[in-house]
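One-letter residues, chain by chain:
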Amino acid sequence: MKAKAPVKAFVVKVGEGGVEEARKSLWSDLLKGLPAPKIANTVTLPRGDILVKPVDEGTFRALKRMEDEGKAVREESARRPMILMYDVGRDIEKDRLGKLLAEQNPDLGIGEETVVPLFMKGPKTGDSVWWVCAVAPDAYQKVVGKRVYLGMSCCRVEEFSDVVRCFKCQRFGHRTTKCPASSDTCGKCAEVGHQAKDCKSNASRCANCRKAAPSAHAECAAKLRATLNAARRTDFGRTSK
Ligand SMILES: [Zn+2]
Ligand SMILES: [Zn+2]
Ligand SMILES: [Zn+2]
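For clarity, every value in this text was computed on a predicted model and none was experimentally measured.

Novice: What should I look at first to understand the pattern of salt bridges in this one?
Specialist: Should the charged atoms of two oppositely charged side chains come close, the side chains can pair. The final tally for this structure, using the stated rule, is 13 salt bridges. Note that Glu-57 and Arg-61 form a salt bridge whose closest N and O atoms lie 3.8 Å from each other. Placement of the pair is Glu-57 and Arg-61 together in helix α2 (residues 57-68), with a separation of four residues, close to one helical turn. Take Glu-57: its relative accessible area is 47%, and that puts it in the partly exposed class. Arg-156 serves as the salt-bridge partner of Glu-158, at 2.4 Å between the closest nitrogen and oxygen. Judged by its relative accessible area of 31%, Glu-158 is partly exposed. Residue Arg-156 is classed as partly exposed on the basis of its relative accessible area, which comes to 35%. Connected through salt bridges with shared partners, the residues Lys-64, Glu-67 and Glu-75 form a single ionic network.

In structure tokens, the structure reads:
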């Protein structure tokens, strides 16, 4: 599978005028250099800034020029790495996570704005949850493999990988709803034409690396490859092989 080029995007900082004001001034700045800017879409980020995706080269260059001119625009071409924080108090609200991480762990030197909480995982009940956050590459370097203080717990931080496996064809990199395959591949024996729940085979085989294990096995070489491919498109603040 060929790795897709990263989607080019720009982050526009929102000032005191708010999102509407920032969108208006972005558009008028774009029109100065370009008769018809082409934008795929804009997304308001959790921290209030706007993510803008240009469609064509002309619009990309216009945004790049604004960045060079010192406007509140910067390119965000790489995906942000993600971290998983274990055993975070359930009572800690999403918007306080970045602030607490920065304040309670001053020795790490992380800015609260470099942490974007994405979603919760882990136990459905109990006092603690796991948090998946996107972080800036330099913050990633500072926290992965460490323990951080958050509220009244000391939480382990690990890299979070979002490589998905399709339950229809068993391949990595797309979800079942986007699967191009016309028939099922069994997740247990890797034969085409039936699902694992209807499997009559006694033997297991991984559809991806062909090892004698179900396709979900943890130490799959194909999964590792897919993870590394995704990592290559992510800026971890270091060169990843
Ligand atoms: Zn598939
Ligand atoms: Zn089967
Ligand atoms: Zn495998």
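Novice: What should I look at first to understand the coordination of the zinc ion (ligand 2) in this one?
Specialist: Around a metal, the ideal angle is 109.5 degrees if four donors adopt a tetrahedral arrangement and 90 or 180 degrees if six donors adopt an octahedral arrangement. Listed as protein donors to the zinc ion (ligand 2) are Cys-186 (SG), Cys-189 (SG), His-194 (NE2) and Cys-199 (SG); their distances from the metal cover 2.0 to 2.4 Å. One can describe the donor arrangement at the zinc ion (ligand 2) as tetrahedral, given that its four donor atoms subtend angles of 105 to 116° at the metal. Considered as a linear motif, the donors of the zinc ion (ligand 2) on their single chain read C-x2-C-x4-H-x4-C. Here Cys-189 is found in the loop between β9 (153-160) and α5 (221-232), whereas its partner Cys-199 is found in the loop between β9 and α5, with 10 residues between them in sequence. By the burial criterion, Cys-189 is buried, and Cys-199 matches it.

Novice: Before we go on, may I ask you to explain the sheet that holds strand β6 (residues 115-121) in this structure?
Specialist: Two pairing modes exist for strands in a sheet, parallel and antiparallel, and in both the strands are linked by backbone hydrogen bonds. Reading across the sheet, the five strands line up as β6-β7-β5-β9-β8 and stay open at both edges, with antiparallel pairing between neighbours. With one partner strand each, in any of the chains shown, β6 and β8 (147-150) form the two edges of the open sheet. Ignoring which end each strand starts from, the neighbouring axes of this sheet average 35° apart. As paired elements, β6 and strand β7 (residues 128-135) share six bridges and run antiparallel to each other. Residue pairing for β7: Lys-121 is matched across the bridge by Trp-130. Packing against the sheet, helix α3 (residues 97-104) makes contact with β5 (82-89), β6, β7 and β8, and its axis sits at approximately 115° to β8.

Novice: Teacher, can you tell me more about the environment of Arg-156 here?
Specialist: Along the chain, Arg-156 turns up in strand β9. Taking the C-alpha atoms as reference, Arg-156 lies 8.5 Å from Val-144; in sequence the two are 12 residues apart. Leave out the neighbours within four places in its chain, and Arg-156 touches Leu-84, Met-85, Tyr-86, Lys-146 and Arg-147.

Novice: Sorry if this is basic, but what is going on with the coordination of the zinc ion (ligand 1) here?
Specialist: Taken together, Cys-166 (SG), Cys-169 (SG), His-174 (NE2) and Cys-179 (SG) make up the full set of protein donors to the zinc ion (ligand 1), lying 2.1 to 2.4 Å away. Around the zinc ion (ligand 1), the four donor atoms are arranged such that angles at the metal cover 103 to 118°; this shape is classified as tetrahedral. Owing to a relative accessible area of 17%, His-174 belongs among the buried residues under this scheme. On the basis of relative accessible area, Cys-179 is assigned to the buried category, the value being 15%.

Novice: How do you make sense of the nonpolar core when you look at a structure like this?
Specialist: What tends to happen in soluble globular proteins is that the nonpolar side chains get buried as a cluster. Residues Ile-83, Met-85, Val-88, Leu-97, Cys-133, Val-148 and Leu-150 are the most contacted members of the largest nonpolar core, which totals 21 residues. Where this core is concerned, the elements lending two or more residues are β5, α3, β7, α4 (137-143), β8 and β9. Dropping the residues within four chain positions of it, Leu-97 is found in contact with Met-85, Val-88, Ile-92, Pro-117, Trp-131, Cys-133 and Leu-150. By size, the runner-up hydrophobic cluster in this structure holds 13 residues, among which are Val-12, Leu-30, Leu-34 and Val-52.

Novice: Could you clarify how one ought to interpret unusual backbone geometry in this entry?
Specialist: For residues that are not glycine, phi is negative in most cases, and the peptide bond is trans in most cases. Notably, Ala-190 is not glycine yet its phi reads approximately 70°, a positive angle. Topologically, Ala-190 is positioned in the loop between β9 and α5. Phi angles above zero are rare outside glycine, and Arg-210 is one such case at about 70°. With respect to the element layout, Arg-210 can be found in the loop between β9 and α5. The partly exposed category is assigned to Arg-210, whose relative accessible area is 46%.

Novice: Can you walk me through the UniProt feature "domain: CCHC-type" (unreviewed entry) in the protein chain in this structure?
Specialist: Per the UniProt record, "domain: CCHC-type" (unreviewed entry) is found at residues 165-180 and 186-201. Secondary structure across residues 165-180 divides into 0% helix and 0% strand, with the first and last C-alpha atoms of the span separated by 13 Å. Secondary structure across residues 186-201 divides into 0% helix and 0% strand, with the first and last C-alpha atoms of the span separated by 10 Å.

Procedures and definitions
- Residues numbered from 1 in each chain as written.
- Chains lettered and ligands numbered in written order.
- Predicted model: local features only at pLDDT ≥ 70, side-chain atom pairs only at ≥ 80, totals over all residues.
- Heavy atoms only, no water.
- Salt bridge = Lys/Arg side-chain N within 4 Å of Asp/Glu carboxyl O.
- Helix = DSSP H or I, 4+ residues; strand = E, 2+ residues; numbered from the N terminus.
- Buried < 20%, exposed > 50% of the residue type's maximum accessible area, 1.4 Å probe, protein only.
- Donors = N, O, S within 2.8 Å, 3.2 Å for Na, K, Ca; no water.
- Tetrahedral: all angles 85-135°; square planar, octahedral: opposite > 155°, others 65-115°.
- Pairing = 2+ DSSP bridges.
- Axes fitted to C-alpha atoms, helices over the stretch in contact; angles between N-to-C directions.
- Contact = heavy atoms within 4.5 Å.
- Core = buried A, V, L, I, M, F, W, Y, C linked by side-chain atoms within 4.5 Å.
- UniProt positions renumbered as here; feature names shortened; annotations may be inferred.

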